[in-house]
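Commentary on secondary and tertiary structure
If you want the building blocks of each chain, they are given just below.
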Amino acid sequence: MSVQLGYKEGVLTARLTGEIDHHAARELREAIDASAQKLKPYMLRLDFSDVPFMDSSGIGLILGRVRLCGAWRGRVVLCGLSPSLNKMVELAGVASLAAIERRAG
């Protein structure tokens, strides 16, 4: 599991790679939060294009970033969700808290 962070014009993008479980989620949270708290982006974009699997820790990761960004009225956008990850996110009710960009095709 790894994360690549990029910042451009008020948007912090976190490109996640690998499976997200309890241990990986903690490392991701620390990396994302350090940059987000410093930059205070108006949008945090979580890119799941290279995430084949996540457990409930991934949902917790998303919800925690929604709360964090809400502190400065930022928003979270999820993109690159596979059909199985999208289903998990929808069932957890995350769509009411974070925008979800659908995959093309």
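Quick note: structure is the one above.
None of these values were measured; they are calculated from a predicted model.

Brief notes about helix α3 (residues 83–91)
For α3, the complete set of buried residues consists of L85, N86 and V89. Looking straight down α3, one finds that the buried residues subtend no more than 100° of arc, so they occupy a single side. Opposite the buried face of α3, at more than 90 degrees from it, the exposed residues are P83, K87 and L91. Directly after α3, the chain includes G93, whose backbone phi takes a positive value near 80°.

Describing the nonpolar core
In this structure, L46, F48, I62, L78 and V89 are the most contacted members of the largest nonpolar core, which totals 27 residues. Of all the secondary structure elements, the ones that give two or more residues to this core are β2 (11–17), α1 (22–39), β3 (43–50), α2 (56–70), β4 (75–79) and α3. Per-element accounting of this core gives the leading share, six residues, to α2. With sequence-adjacent residues up to four places away left out, V89 is seen in contact with M54, I59, I62, L78, L81, V94, A95 and I100.

What counts as what
- Residues numbered from 1 in each chain as written.
- Predicted model: local features only at pLDDT ≥ 70, side-chain atom pairs only at ≥ 80, totals over all residues.
- Heavy atoms only, no water.
- Buried < 20%, exposed > 50% of the residue type's maximum accessible area, 1.4 Å probe, protein only.
- Helix = DSSP H or I, 4+ residues; strand = E, 2+ residues; numbered from the N terminus.
- Arc of directions from axis to C-beta.
- Core = buried A, V, L, I, M, F, W, Y, C linked by side-chain atoms within 4.5 Å.
- Contact = heavy atoms within 4.5 Å.

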